[in-house]
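Fold and geometry: a report
Here is what each chain is made of, one letter per residue.
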Amino acid sequence: MGRGGVAGASVLLVLVGAIAIAQHLPDKKTNKIDGSIVERWGDKFGTDLWHSLSQATRRESIQGQYDNSPELKVEKVDGFSLVRSMAAEVQIMMQHKIDAIKRIMELAENIALDHKYDKERGARLAEGRYYYINAKKLNVLPEGGSSGEGDVDRYLSQYRDSSSELYAPGYSSLVLTANPHFSGIPVNTSHSSVHVPTNVFDGEPKVINAIDWSKKLDDTFKDNYNRDPSLSWQYFGSSTGFLRQYPAIKWLTYDDDPDMYDARMRDWYIKSAASAKDVVILLDTSGSMTGLRKEIAKHVVLNIMETLGEDDFLTVLTFSDETRPLVECFTDADGEPELVQATTENIAEFTEAVNNIETEEIANFTAALSTAFNLLSRYRSGKARGGTGCNQAIMLVTDGVPYKYETIFQEHNQPRKSVRMFTYLIGREISDLEAAKYMACDNMGYFTHVTTLAEVKEQVLKYIPVMARPLVLLREQHPVRWTGVYADIEVPNDRSLWVIGLKYPMTRRQIKEAQEKEGTFKGYKLMTTVSIPVYNKKNHTSLDVLGLKPNEIKNPFGKVRIAELLGVAGTDVPIAQIEKLIPPYKLGVNGYSFAVNNNGYILYHPDLRPMFQEILKPNYNSVDLSEVELIFNNRSEEPRQNDSALFQMRKEMVEQKDGVCNLTVKVHMDDMKRVTIREQHYFYHNISNTPFTLGIVFPDKYGKFRVSGGIEVNDPNNRQPGNGPSSYLSGDQWKLHPDWVYCEYNYGGQADRMFDSPETNMVHFLKRLEEEKNRFDWGQSRVRPLPKCQGNRAYHPDCMKLKKREVDENPDDEDIDVDDDDDGDDDVEGEEGLVDDDYEDEYDDGMINVGYCDKELVQALILDAKITKVFEEKTSRRVPAELFKLFGIKLSFVATRSGLTRWEEHTPPPAPNDPGYDEDTEFDPENPREPHFSEVNNEATDEVWYKRAVEYHYNNPDSFVFSVPFDIGDKRPTQVTATHAIFKGVGNQKAPAAVVGVEIDYDHFRDTFLNITNKVGPGISCADDTVECYVLDNNGFVVISEDKLNTGKFFGEIDGTVLNSLVINNVFRKIKVYDYQAICLESADYGSPASVILTPFRMIGMAFNWILANIAYTIIRFELHHLWNPDWTYAMPQMNDPTLVYDGDYYGYDYTAGEPGDSEAQTEQDAVVESEEAYEEVHEEYSPHDDQLIKEYMMKDGGLIPILQMTYINKTQPKPCDKEVFLYEMQEKVLRDLGRPLKGILRNCHDSSCERPFTVALIPNTNLILVAADTTCPCYSARITVSPAKVDYGPANETMYCEKLKTNLYRKKPHQCVNYHPQEDEISLCGSGCSVSLSPLLLLVLYLVSRLYH
């Protein structure tokens, strides 16, 4: 017999002897565990729990009241009508934001048109005779101080102390007050402030003049805020570099952290500045591109990519003797380079490749230019799929162009010049610039000469106004652009880190100490931004304004034809503001809403998880709809499968069509530890005038219907003395869902309109209801309705136009300019002249005080409060107190459809005389107190225990759903949570109305079970050494075990062999779940440290670089460079580090605990699993914990709130990846249909050939099963974990990984594309050589500083 035959016979023998299920057992005596006794244990435990918990939760009483309440009904949900009305409300809210930025835009264009240019204004700024509110030079006055009257005296009087920073030129003072509407950041709503990037000199005439005229936007900012108090930050980003933002804030800066924020690099600016674009970057990698030239070239490429967004496409080609794709993956089937979408993942691939380029050979420009033109031609003609179909550009990055290559340009780019040419010439010592200038000037582009790292960003940004020229020349078209989702930082209770004043580096423990009892960092505030371009209405400008030398031949009249982008106006729209318009109570439990944009990316979704261990994931803003709706497919479990139904729905949503869809999906919960399969109904509708489509989802089983109805508070019968609405919510043992809008005032800043909790807010409005009775105004809508157009016509976006304003600058203020409302020059005359008078009269007065109440929700809340008020009636309970002590019931609670949560304590809180009571005990971050139930369980229908109880109702309606914290082990105190769903049924229709539950002390709960096993049934007990008992929940987690360390563990980690047996016998269903938003920690390549010879020199070099870096920083910090060139434009060079991950800015992450390694569970060959598969190899992912540091604050889009950066010690790099995990769900019906316990034996699982019997029994009226296994046979056990493992595409599957990166799922191109205007030929401005003059010593220092980060 050959080897194959022996192996086959061995496998056969193993399978024959592996496991015998009860019906195949040869001898009943073989099983030492009596199944009937195990069943009696489970029956006794389950029955006692059901009766006891039913009494403790008043289940029958509450169920009866919901069943018999005449105000309640069960109605069918019309999903499509609902999503249509919700989308309309969102559209109205968003239209208000659009109208606000249009007002900013129109005023900006008018005042810029009338502005008188003053080239001496910068000199007066330096002398202290002119000032503006510089956000980085802002002195914060105490509340009650003056920010207006006296400023002229303070800054311009003879008593000014020039040695004090308070009175230094450029500094100003304002009162800033922490404002909850702006995330607790101290602001001044009477002014805007200006942020000037580090690489921009505010004394440069063009910059300071733009700052001067833009200060007149303050009146419009304030007017917008008065009209719409829900407005977030408003801002104007100037093409000269500064950002004017309202309200005014102080921009925090730090001595050792240069401010690198530049509004022109933000997505909201780039999208509005020009239409979408296809970009080919040609990077010269010939032998001459070495040293500083190579570093500058790499930074040019990185900065170009930083200006691209998800609507753009690009590729990077390197060329020397041959032209190659920088990333080999980004080629088509024929090996030709192709354009890929500028997503975060793709940019990261390019970034990593750029950092590893090698230079060699001689540059072949002919081949490189031909390849680039041919590539763009394929997309322009439609031969290649993808691309933007709009602007096309070639960015040439090289240290020298030997010829003009007219033939190539005539062949590929004449006569229409469809492709713009931008040339970046690298290196100081280059003398011949003409060829590079010709390429750019003759092909609608721009030429720049980049000589230092410091000027890279400023030179790169010069291409954006050129791309904007066709839009500017059209004048009347101002396309409104929306960004995708991005994140700002937010901490609990609206306490911003700006308010707390955190420094860095700090550990998370130090953050907790700084925040004290206010909580810890809990996440990011997600936003989108709407923006609009602002154009210069002038067709010509003087050479003086442009800073050019007169040329009588070319410019005989001293005027130059221009098409100038002044900047971009925008405002933030918090995602929470959108979600407020989608009332969750109308969607019901496990129902949800989401929105996608024209690229199919999620704007918001309940499964959007933007954070990884308190840092933003690199790809958090490019998560596709297909990556969060996980389709269940019985036939295949391969990653990233194309499901036709899902992709059809996605396509229709991207196209902004309306529709419905049914999908069967895998829904995970509890940090991807639990899973269920659910059929869901999807309804979607477009949000007009935006690129977004709104979707809502209902579970099939219980989402088709909902419980509706409430107490009509206007009915006199419901207003008896002492029996009004507020009487149902007396006491302090109740909470409301913190994110739901019951009643609210438009934020106005008044103390009586601000409440410290949703509960006090609700009580306030309930009392108003009782006092005002029928006079109470519920409000018309969650958003202010849109105004009517003239003639009472329906609103459309262009029917309101700002009137042309005559704004003349006062010619008498040449010597003293003060940015103050008291100065007549600064005031914008006639605020009422901005808009239609009737509109202003209707909305301008008192909008900030208007209140709104959701009548349906409030009336439902009052009814639920009436039904559940029984929780306050101690005398109504007939249950003996011993019941609570017996089971250790500490607290019972009820949560309802209206977001109300009530609770009743059964364990009194410590009294002053009790041991250990100390009212003044300070918060100890090392040993924080256990939070009360109400502090962490106040979200009612959004709590996991609520969702699980409702979901499990259809498995067993007469049951409580139990859970313990994961991996809790022997940590105490620990609670068991048990919940039961209350449904209201009318005929064949029923829907969830509430959930009742208890919290049980774990030790009491465990002891009760073990006592039952000791008393019920002779001769066997879970306390015996020969029997091991486990109580498992419906997802396979251990609720009770004799070994306390097993509590909360996944059962597969304890005994995977038995778990596999249960899977084979369908007791548990094994469900594969993919995480397409995962992060993998990969080692960064820093070279080998093994060389003992090189190490000392490396250390000396690092020390030398550190010294030089501090010298350079001192020069910049104290502005010593002004000694040799006062107009020097400076910037710290951006880091170029192998660990950098691209996400708007360059993020560097480090990690501790050594290199992340996978540890495989060891299994033995002799162990036998009841499965045809061998033991699974389980990879446990590396997970660092409390060793994170806050590295820096870096500003994101909108520029108003710092982004929290985390750093680790050892060098690893977080990168997006796919992960997979098998999760488990119990199928109770299988055991119930069996009618008796399932019995089995593990055979041949040990060298001794012993056998291991086990028995599995249902615990009735629960989601639990009891597993009793013999321990006398020391079987080897498989180890199965529910920790996700990376999907190993590997070399064999490299194609699949590559396709994932470059696959462009169906997307809709932006509506407007403007890439050509015939008058652009009249514009001759196309760049010139660099005019920045720097010291050779400083150049050396800056270069060495850049090397410090390598």
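As shown above, the structure is provided for reference.
Right, let's walk through the structure included here.

The rules behind each value
- Residues numbered from 1 in each chain as written.
- Predicted model: local features only at pLDDT ≥ 70, side-chain atom pairs only at ≥ 80, totals over all residues.
- Heavy atoms only, no water.
- Helix = DSSP H or I, 4+ residues; strand = E, 2+ residues; numbered from the N terminus.
- Buried < 20%, exposed > 50% of the residue type's maximum accessible area, 1.4 Å probe, protein only.
- Contact = heavy atoms within 4.5 Å.
- Disulfide = S-S within 2.5 Å.
- Expected span 1.5 Å × (residues − 1).
- Core = buried A, V, L, I, M, F, W, Y, C linked by side-chain atoms within 4.5 Å.
- Phe/Tyr/Trp six-rings, centres within 6.5 Å; stacked < 30°, edge-to-face > 60°.
- Lys NZ or Arg CZ within 6 Å of the ring centre and 35° of its normal.
- 1 Å grid on protein atoms, 1.4 Å probe; cavity = no way out; pocket = protein on both sides within 12 Å on 5 of 7 lines; lining within 4 Å.
- Points joined across faces, edges and corners; volume = space filled by probe spheres on them.
- Nonpolar A, V, L, I, M, F, W, Y, C, P; charged D, E, K, R; others polar.
- Pairing = 2+ DSSP bridges.
- Axes fitted to C-alpha atoms, helices over the stretch in contact; angles between N-to-C directions.
- Polar contact = N/O pair within 3.5 Å; in protein donor to acceptor, adjacent residues only side chain to side chain.
- Parallel < 35°, antiparallel > 145°, perpendicular 65-115°, else oblique.

1. Here we look at the overall build of the protein
When you go through the protein residue by residue, the secondary structure sums to 34 helices and 55 strands. Taken across its 1350 residues, the protein has 58% of its residues classed as buried. Partitioning the contacts of the protein with sequence separation of at least 6, the portion at a separation of at least 24 is 79%.

2. Let's talk about the state of the cysteines
Structurally, a disulfide amounts to a covalent bond that connects the sulfur atoms of two cysteines. Summed over all chains, the structure comprises 6 disulfides. Bridging Cys 1080 to Cys 1217, the disulfide has an S-S length of 1.9 Å. Between Cys 1080 and Cys 1217 the sulfur-sulfur dihedral comes to about 75°; the bridge is accordingly right-handed. Taken together, the positions of Cys 1080 in strand β43 (residues 1068–1083) and Cys 1217 in strand β50 (residues 1212–1226) put the pair 137 residues apart, joining distant regions of the chain. Take Cys 1080 and Cys 1217: they sit in the same class, and that class is buried. For Cys 1250, the disulfide goes to Cys 1273, at an S-S distance of 1.7 Å. Around the S-S axis, the bridge from Cys 1250 to Cys 1273 shows a dihedral of about 70° and counts as right-handed. You can see Cys 1250 sitting in the loop between β51 (1238–1242) and β52 (1252–1259) and its partner Cys 1273 sitting in the loop between β53 (1264–1270) and β54 (1285–1286), a full 23 residues away along the chain. We classify Cys 1250 as buried; its relative accessible area is 19%.

3. Focus: helix α10 (residues 291–306)
With 16 residues, α10 extends 23 Å from end C-alpha to end C-alpha; this agrees with the ideal 22 Å at 1.5 Å per step. α10 sits mainly inside the fold: 13 of its 16 residues count as buried.

4. Quick notes on the nonpolar core
Counting residues in hydrophobic clusters, the biggest one holds 153 residues, and the most contacted among them are Ile 281, Leu 314 and Tyr 424. Each residue touching Leu 314, except ones within four places of it in the same chain, is listed here: Val 279, Ile 281, Met 305, Leu 308, Glu 338, Leu 339, Val 340, Ala 342, Ile 347 and Phe 350.

5. So, the packing of aromatic side chains
Throughout the structure, instances matching the rule amount to 36 aromatic pairs. Each ring, one from Phe 182 and one from Tyr 225, has its centre 6.0 Å from the other, and the planes form 50°; the classification is tilted. With a gap of 43 residues between them, Phe 182 in the loop between β6 (177–179) and β7 (185–187) and Tyr 225 in helix α8 (residues 218–227) connect regions that are remote in the sequence. As far as burial versus exposure is concerned, Phe 182 and Tyr 225 are alike and both buried. A connected cluster of aromatic rings, assembled from ring pairs, spans Phe 182, Phe 221, Tyr 225, Trp 233 and Tyr 246. Its guanidinium or amino end placed over the ring of Tyr 438, Lys 404 lies 5.2 Å from that ring's centre, counting from NZ or CZ.

6. Observations regarding empty space enclosed by the protein
By rolling a water-sized probe across the atoms, one finds the places where empty space is left. Here the structure, examined in full by the defined rule, presents 14 cavities of 30 Å³ or more. Counted as a void, the second largest cavity has a volume near 240 Å³. Considering the residues around the second largest cavity, the lining is formed by 26 residues, among which Tyr 585, Gly 588, Arg 706, Arg 897 and Pro 992 are closest to the centre. Sorting the residues of the lining of the second largest cavity by element identifies α21 (584–587), β30 (693–699), β31 (705–708), α25 (855–868) and β40 (989–1001) as the ones contributing at least two each. Residue classes in the lining of the second largest cavity are distributed as 16 nonpolar, 6 polar and 4 charged.

7. So, the sheet that holds strand β32 (residues 734–736)
Taken in spatial order, the 6 strands line up as β32-β37-β36-β40-β39-β38 in an open sheet, and their pairing is antiparallel. If you trace the sheet from one side to the other, it starts and ends with β32 and β38 (961–963), each paired once. Sheet twist, expressed as the average angle between the axes of neighbouring strands with direction ignored, equals 20°. In terms of strand pairing, β32 meets strand β37 (residues 900–905) through 3 bridges, oriented antiparallel. Looking at the pairing, Lys 735 lines up with Thr 901 of β37.

8. A few points about unusual backbone geometry
For the bond running from Tyr 246 to Pro 247, omega is -5°, close enough to zero to count as cis. With respect to the helices and strands, the residue Pro 247 is situated in the loop between β10 (243–246) and α9 (267–273). Of note, the bond from Gln 414 into Pro 415 is cis; its omega dihedral lies within 30 degrees of zero at 0°. Here Pro 415 shows up in the loop between α13 (406–413) and β16 (419–426). Even without being glycine, Tyr 405 reaches a positive phi, approximately 55°. As for its position among the elements, Tyr 405 is in the loop between β15 (391–398) and α13. The exposure class of Tyr 405 is buried, given its relative accessible area of 14%. The backbone of Met 672 sits at a positive phi, close to 60°, despite the residue not being glycine. With respect to the helices and strands, Met 672 occurs in the loop between β28 (659–669) and β29 (674–686). A relative accessible area of 7% places Met 672 in the buried class.

9. Structural notes on the environment of Asn 536
On the secondary structure map, Asn 536 appears in the loop between β20 (523–535) and β21 (540–542). A relative accessible area of 7% means that Asn 536 is categorised as buried. Note: C-alpha distance between Asn 536 and Ala 108 (428 residues apart in sequence) is 9.1 Å. Beyond its immediate sequence surroundings of up to four residues, Asn 536 is in contact with Val 472, Arg 475, Ile 562, Glu 564 and Leu 566. Of note is the side chain of Asn 536, whose polar atom sits 3.0 Å from the backbone nitrogen of Lys 538.

10. A short note on the pairing of strand β5 (residues 172–175)
The alternating pattern of β5 places Ser 172 and Leu 174 on one face and Ser 173 and Val 175 on the opposite face, and all of these are buried. Pairing geometry for strand β4 (residues 138–141) and β5, over 4 bridges, is parallel. If you follow Leu 138 over to β5, its bridge partner there is Ser 172.

11. Concerning the packing of α10 against helix α11 (residues 344–354)
Contact geometry for α10 and α11: axes closest at 10 Å, N-to-C directions at 175°. The angle between α10 and α11 places the two elements in the roughly antiparallel class. Two secondary-structure elements touch here, α10 through Lys 298, Val 301, Leu 302 and Met 305 and α11 through Ile 347, Phe 350, Thr 351 and Val 354. The class makeup of the residues in the contact of α10 with α11 is 6 nonpolar, 1 polar and 1 charged.

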